Amino acid sequence: MEVRECERPSRRSGEVLVRVEAATLNQGDLYMRNSGAGITHQLTQIMGLDAAGVVEGVDDAETLLSAGQQVVIHPGIACGRCEFCQRGEGVLCTKMQLLGEHRHGTFAQWISMPAQNVFPMPQGLTFAQAAALGVNHLTAWRMLFTKAQVRPWETVLVFGIGGGVSLAAMQLAKAIGAKVIQTS
């Protein structure tokens, strides 16, 4: 690994150029640092999955995002065409490209992303807090609310509370009023 100067990415139509203000370190980043064995990738590769930043460039026709807006990045770029994408389950995309694995990631000053992967940043959060919402919270959300369909009156057992996904699961379950039991 090395720190070096890179060119600012050029924004294509349908993409949003984001000035990265904060990025998080995930287990996936450590895996890629340790070789990324089993993941098809090309070197050199900018690592980093999650980030929050400020929109620097966007299509004029874009209605959700605008220049100067604070945003959070979703690191999984779905193909939009496979059977899962067609069913609205892009997180299961058979051709998913993850930042920092299959394409340049968020450990950079700038990133250009498809507009559907950039969302307004929740108010009241710092850039660092918003950057931490990505992979961990999305994974926990899918487990709790898409698959398990947890309700406020239920009890949730969270394993391995020291990890990011487990911490996110605890936070989300508690936020809806569920009772949470934790193990480590």
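Up top is the structure these notes are about.
What comes next is a walk through the structure. (Residues numbered from 1 in each chain as written. Predicted model: local features only at pLDDT ≥ 70, side-chain atom pairs only at ≥ 80, totals over all residues. Heavy atoms only, no water.)

### A look at the nonpolar core
Just so we agree on the cut-off: By nonpolar core is meant a set of buried Ala, Val, Leu, Ile, Met, Phe, Trp, Tyr and Cys residues that side-chain atoms within 4.5 Å join together. When a residue's accessible area, from a 1.4 Å probe over protein chains only, is under 20% of the maximum for its type it is buried; when over 50% it is exposed; and in between it is partly exposed. Helical segments are the DSSP runs of H or I of at least four residues, strand segments are the runs of E of at least two, and each set is numbered from the N terminus. Pairs of residues are marked as contacts when any of their non-hydrogen atoms sit within 4.5 Å.
Formed by 15 residues in total, the largest nonpolar core has its most connected members in Val16, Val18, Ile73, Ile111, Met113 and Val118. Elements represented by at least two residues in this core include exactly strand 1 (15-23), strand 2 (51-57), strand 3 (70-73) and strand 6 (110-114). Those residues within four positions of valine 16 in sequence are excluded, and the remaining contacts are Arg11, Val55, Gly57, Val58, Leu65, Ile111, Ser112, Met113, Ala115 and Val118. Counting 14 residues, the second largest nonpolar core, distinct from the first, contains Leu144, Val156, Ala168 and Leu172.

### Considering the sheet that holds strand 1
Short version of the rule: At least two bridges found by DSSP between two strands are what make those strands a pair. Every axis in this analysis is a line fitted to C-alpha atoms, fitted for helices over the stretch in contact. Angles between the N-to-C directions lie between 0 and 180 degrees.
Across the sheet, five strands lie side by side as 6-1-2-3-7; this open sheet has antiparallel pairing. With partners counted over all chains shown, the strands left at the sheet margins are strand 6 and strand 7 (118-120), one partner each. Averaged over all pairs of adjacent strands, the angle between their axes in this sheet comes to 45°, without regard to strand direction. As paired elements, strand 2 and strand 3 share four bridges and run antiparallel to each other. Among the inter-strand pairings, alanine 52 is bridged to a residue of strand 3, identified as valine 72.

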